[in-house]
Amino acid sequence: DKDRLWNLISRKIAALGDGLQESGINMGRSACAARISSIGAARECLGGLSQVHFLSQLKESEMEQVAYKLSSIHKYIINDAPLRLQTTCSEVNVNEGQPEVWFDKFARHFKE
């Protein structure tokens, strides 16, 4: 529903905007951290000034196109995206085959 999507985007912008007034210093720190590390850049992109700017532009977009793109992304993630799993464990567990047992238990939760 286009109206609901627009409403969700508007509410997210409002929530982030309220955060700007209450914690402008933290937003500034986030912007600085984005220039120093990749983790800082990801945090700023998803919850800092960059996110506010992105959502403001998105709100002005044609909601039908936004909904179509989100639907395409959802279909890719659910149906087509390859699952890559990495884990760490001790050498003892590797030698005893424990990673395979753990992965088998984990993989049972996904539909084929």
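See above for the structure.
Read on for an overview of the structure. Bear in mind the structure is a predicted one, so any value in this text is a computation, not a measurement. (Residues numbered from 1 in each chain as written. Predicted model: local features only at pLDDT ≥ 70, side-chain atom pairs only at ≥ 80, totals over all residues. Heavy atoms only, no water.)

### Things to note about the overall build of the protein
And then number 1: The helix and strand inventory of the protein stands at seven helices and zero strands.
And then number 2: Taken from the N to the C terminus, the helices and strands of the protein come in the order α-α-α-α-α-α-α.
And then number 3: Buried residues in the protein amount to 16% of all 112 residues.
And then number 4: Counting contacts in the protein only where the partners sit at least 6 residues apart, residues at least 24 apart contribute 48% of the total. (Helix = DSSP H or I, 4+ residues; strand = E, 2+ residues; numbered from the N terminus. Buried < 20%, exposed > 50% of the residue type's maximum accessible area, 1.4 Å probe, protein only. Contact = heavy atoms within 4.5 Å.)

### Section: a nonpolar patch on the surface
And then number 1: Nonpolar side chains collect at one region of the surface, where Leu-70, Ile-73, Tyr-76, Ile-77 and Ile-78 lie side by side and expose about 510 Å² of accessible area between them.
And then number 2: When its relative accessible area of 43% is taken as the criterion, Leu-70 is described as partly exposed. (Patch = residues over 30% accessible without salt bridge, like charges linked within 9 Å, V, L, I, M, F, W, Y side chains within 5 Å. Areas by Shrake-Rupley, 256 points an atom, 1.4 Å probe, with all protein chains shown as cover. Salt bridge = Lys/Arg side-chain N within 4 Å of Asp/Glu carboxyl O.)

### Quick word on the nonpolar core
And then number 1: Within the largest apolar cluster, nine residues are counted, these being Leu-5, Ile-9, Ile-13, Leu-16, Val-52, Leu-55, Leu-58, Met-63 and Val-66.
And then number 2: For this core, the elements supplying multiple residues, two or more each, are α1 (2-22), α4 (49-59) and α5 (63-80).
And then number 3: For this core, the element with the highest residue contribution is α1, accounting for four residues. (Core = buried A, V, L, I, M, F, W, Y, C linked by side-chain atoms within 4.5 Å.)

### Considering the packing of helix α2 (residues 24-36) against helix α3 (residues 38-47)
And then number 1: Two elements in contact, α2 and α3, have axes separated by 7 Å at closest approach and are oriented at 135°. The angle between α2 and α3 falls in the class oblique. Every pair of crossing elements has a handedness; the one defined by α2 and α3 is left-handed. Facing Met-27, Ser-30, Ala-31, Ala-33 and Ala-34 of α2, the residues of α3 in contact are Gly-40, Ala-41, Arg-43, Glu-44 and Gly-47. (Axes fitted to C-alpha atoms, helices over the stretch in contact; angles between N-to-C directions. Parallel < 35°, antiparallel > 145°, perpendicular 65-115°, else oblique. Left-handed = near helix turned anticlockwise from the far one by under 90°.)

### A few points about the packing of α3 against α4
And then number 1: Running from N to C, α3 and α4 cross one another at 40°; their axes reach a closest spacing of 4 Å. Put simply, α3 runs oblique to α4. The element α3 and its partner α4 pack so that their crossing is right-handed. The residues of α4 that touch α3, namely those facing Glu-44, Cys-45, Leu-46 and Gly-47, are Leu-49, Ser-50 and Gln-51.
And then number 2: Classifying every residue of the contact of α3 with α4 gives three nonpolar, three polar and one charged. (Nonpolar A, V, L, I, M, F, W, Y, C, P; charged D, E, K, R; others polar.)

Honestly, it's all geometry; don't read function into it.
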